[in-house]
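Listed below are the residues making up each chain.
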Amino acid sequence: MKKLSSYLRKTNYKFLMYNLKETWRWFGANDPITLSDIKMTGVKGIVTALHEVPIGEIWQLHDIVSLKENIESYGLEWTVVESIPVHESIKYGGENRDKYINNYINSIENLSLAGINILCYNFMPVVDWTRTNLRYKYNDNSLALRFDIIDFLIFDVFMLKRDNSILEYSSEQLEIANERFNKMNPNDLKNLSNNILQGLPGSMVESYELDSFKEKLNLYKGKQKVDLQNNFKYFLEKIVPIAEKNKVYLALHPDDPPIDLFGIPRIVSDLNDYQKICNFYPSEYNGITLCVGSLASKECDIVDLLDKLIDKVNFVHLRNVKKDRENTFKYSFTESNHLDGDVDMNYVLSKLLYKKKSFKIPFRPDHGHLIYDDILKENINPGYSYIGRLKGLSELNGIIYSLSKKISYEKIIFEIENSKHKVIL
């Protein structure tokens, strides 16, 4: 009988190389975290965009190549574009949508020419993401992002004063919100407004722009979920053939949070939404970004979703949340540490490690708490601290390393059990 170590040497056995690629989101020249800082994390892939290009304009090839070469000068790779924003007229079906779809097509073609083939994007109306508190004190004294439905109600009903918004909340929620609102000072209200409006794509805005924000919301007045779904289908029918031709994998990000906001339907909020969208134009290039934190903010069965849509996953965001359990505060949640929330990261990663694709699936530690001296630093993009994300990356890599070894040993045992040779383990 042979020793296991001798068997492995003689068979030149290679341990399983896991099917994931570590990446890190970078916001370009204005990001206080530099490419040199990122290199020290150990990741090889960068997730970024041409943030200076106005929404709807064409990404020019020379600008893409210039940024790509800058990233590569640090020994890194531009792995994923996140994102080319979808112009609002495409979402609500404005008269200029074909112009902006053609611009989007030209941008996809230029990405392909530059050798970048994964594009994360979203179809969220008006706001890309929404949080009510950007510095919520977590139970370990770090500062987290939080969405509180009562605070959101205060903004929507008492500050924005959106027509008929009062009808979308329960009497109990309105009573609690009214009591809380009466205790808030002008600075509290300004912070709440700024926190919510930071989700506007393109640039940060101040609370005094509430009127222009309401104008954007009014573009969707009377729109039903089916209207937005039809507009998205129209968009996909135009861009997926171009993505196929240029071998660019599309990765649709879910709504964040995955609930209707400001009276506007959300159409990328759960498994049913994703399945419908994937069926709008069946193609391996019409895929999804698996953002487990966004999806878990609502009662979404991540296990079921992974079982049914694993083949469509082209990009992964790994973060965790803790949902509030009381019905009055339904849809409220706090972004937790990566391993102590409602999502079983061990299960998620085990499913992804077993999945074989034609490329390694990029993942990034999505968001991180403000920890230690990051708390005192200015201009850190909400959720995108250095130390907090580095902590999350380390924890995720620990799970990945352990799982990859476990999977490798299971494969070894299987091969041994089916071998003619007797091996001493």
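Computed from a prediction, not measured in an experiment: that's the story for all the values here.

What counts as what
Residues numbered from 1 in each chain as written. Predicted model: local features only at pLDDT ≥ 70, side-chain atom pairs only at ≥ 80, totals over all residues. Heavy atoms only, no water. Helix = DSSP H or I, 4+ residues; strand = E, 2+ residues; numbered from the N terminus. Buried < 20%, exposed > 50% of the residue type's maximum accessible area, 1.4 Å probe, protein only. Polar contact = N/O pair within 3.5 Å; in protein donor to acceptor, adjacent residues only side chain to side chain. Pairing = 2+ DSSP bridges. Axes fitted to C-alpha atoms, helices over the stretch in contact; angles between N-to-C directions. Contact = heavy atoms within 4.5 Å. Parallel < 35°, antiparallel > 145°, perpendicular 65-115°, else oblique. Nonpolar A, V, L, I, M, F, W, Y, C, P; charged D, E, K, R; others polar. Expected span 1.5 Å × (residues − 1). Phe/Tyr/Trp six-rings, centres within 6.5 Å; stacked < 30°, edge-to-face > 60°. Lys NZ or Arg CZ within 6 Å of the ring centre and 35° of its normal. Salt bridge = Lys/Arg side-chain N within 4 Å of Asp/Glu carboxyl O. pLDDT = per-residue confidence, 0-100.

Draft legend 1. Spotlight on unusual backbone geometry. A cis amide bond links Glu82 to the next residue, Ser83, at an omega of -5°. Relative to the elements of secondary structure, Ser83 occurs in the loop between β4 (77-82) and α4 (88-92). Residue Lys247 is not a glycine yet carries a positive backbone phi of 55°. With respect to the secondary-structure elements, Lys247 resides in the loop between α10 (225-246) and β8 (249-252). What makes Lys247 exposed here is its relative accessible area of 52%. Phi at His367 is positive, roughly 70°, even though this residue is not glycine. Of note, His367 is situated in the loop between β13 (361-365) and α15 (387-417).

Draft legend 2. Region of the structure containing the side chain of Asn314. With respect to the element layout, Asn314 can be found in strand β10 (residues 313-318). A distance of 3.2 Å separates polar atoms of two side chains, one belonging to Asn314 and the other to Lys357.

Draft legend 3. Layout of the sheet that holds strand β12 (residues 333-336). Pairing is antiparallel in the open sheet, where four strands are placed in the order β6-β7-β12-β11. Where the open sheet ends on each side, the last strands, each with one partner, are β6 (133-137) and β11 (320-323). Going from strand to strand, the sheet's axes swing by 40° on average, the running direction of each strand aside. Bridging between β6 and strand β7 (residues 143-147) involves three bridges; their strand directions are antiparallel.

Draft legend 4. Examining the sheet that holds strand β5 (residues 118-121) more closely. In space, the eight strands of this closed barrel follow the order β2-β3-β4-β5-β8-β9-β10-β13, with parallel pairing throughout. Recorded for the sheet is a direction-independent mean angle of 30° between the axes of neighbouring strands. Pairing geometry for strand β2 (residues 20-25) and strand β3 (residues 45-48), over three bridges, is parallel. Directly across from Thr23, in β3, lies its bridge partner Gly45. Sitting on the sheet, helix α3 (residues 61-72) is in contact with β3 and β4, with an inclination near 135° to β4. Along the sheet face, helix α11 (residues 271-280) touches β8 and β9 (286-291) and points at about 160° away from the line of β9.

Draft legend 5. Focus on the packing of helix α6 (residues 149-159) against helix α7 (residues 171-181). Close contact between α6 and α7 brings their axes to 9 Å; oriented N to C, the two are set at 80°. Taken together, the axes of α6 and α7 are roughly perpendicular relative to one another. Residues Ile149, Ile150, Asp151, Leu153, Ile154, Phe158 and Met159 of α6 form the contact with α7, whose own contacting residues are Gln173, Leu174, Ile176, Ala177, Asn178, Arg180 and Phe181. Tallied by class, residues from the contact of α6 with α7 come to ten nonpolar, two polar and two charged.

Draft legend 6. Looking closely at helix α8 (residues 186-197). For α8, built from twelve residues, the straight-helix expectation of 16 Å at 1.5 Å per residue is met to within 8% by its first-to-last C-alpha distance of 17 Å. Those residues of α8 lying buried are Leu192, Ser193, Asn194, Asn195, Ile196 and Leu197. Where α8 is buried, its residues meet β6, α6 and α9 (210-218). The backbone nitrogen of Asn187 lies 3.0 Å from a side-chain oxygen of the residue at the head of α8, namely Asn185.

Draft legend 7. Expanded view of the packing of aromatic side chains. Applying the stated criterion across every chain yields a total of 18 aromatic pairs. Look at Tyr249 and Phe359: their rings are 4.6 Å apart centre to centre, the planes differ by 50°, and that puts the pair in the tilted class. Taken together, the residues Tyr249 in strand β8 and Phe359 in the loop between α14 (345-354) and β13 connect sequence positions 110 residues apart. Its relative accessible area of 7% is what places Tyr249 among the buried residues. Given a relative accessible area of 14%, Phe359 falls into the buried group. Between Arg97 and the ring centre of Tyr234, over which it is positioned, the NZ or CZ distance is 3.8 Å. One cation-aromatic arrangement involves Arg146 over Tyr136; the distance from NZ or CZ to the ring centre is 5.3 Å.

Draft legend 8. Examining the environment of Met40 more closely. You can see Met40 is positioned in the loop between α2 (35-39) and β3. Spatially, the C-alpha atoms of Met40 and Leu390 are 9.9 Å apart, while their sequence positions differ by 350 residues.

Draft legend 9. Inspection of the packing of α6 against α8 at higher detail. Interaxial distance between α6 and α8 falls to 10 Å at its minimum, and their mutual angle equals 100°. On the basis of their axis angle, the class for α6 and α8 is roughly perpendicular. Residues Asp151, Phe152, Ile154, Phe155 and Met159 of α6 form the contact with α8, whose own contacting residues are Leu189, Leu192, Ser193, Ile196 and Leu197. For the contact of α6 with α8, the per-class residue count stands at eight nonpolar, one polar and one charged.

Draft legend 10. Local environment of the pattern of salt bridges. The full count for this structure, using the stated rule, is 27 salt bridges. Here Glu82 and Arg364 are joined by a salt bridge, their closest N and O atoms 3.0 Å apart. Taken together, the positions of Glu82 in strand β4 and Arg364 in strand β13 put the pair 282 residues apart, joining distant regions of the chain. Where Lys323 meets Asp342, a salt bridge forms, and the shortest distance between an N and an O atom there is 3.0 Å.

Draft legend 11. Geometry of the confidence of the model for the chain. Scored by pLDDT, the chain comes out at a mean of 90, with 89% of its residues at no less than 70. Every residue in residues 11-17 is under pLDDT 50, and counting partners more than four places away or in other chains gives twelve contacts. For residues 203-208, every residue scores under 50 in pLDDT, and the model assigns this stretch ten contacts once sequence neighbours within four places are set aside.

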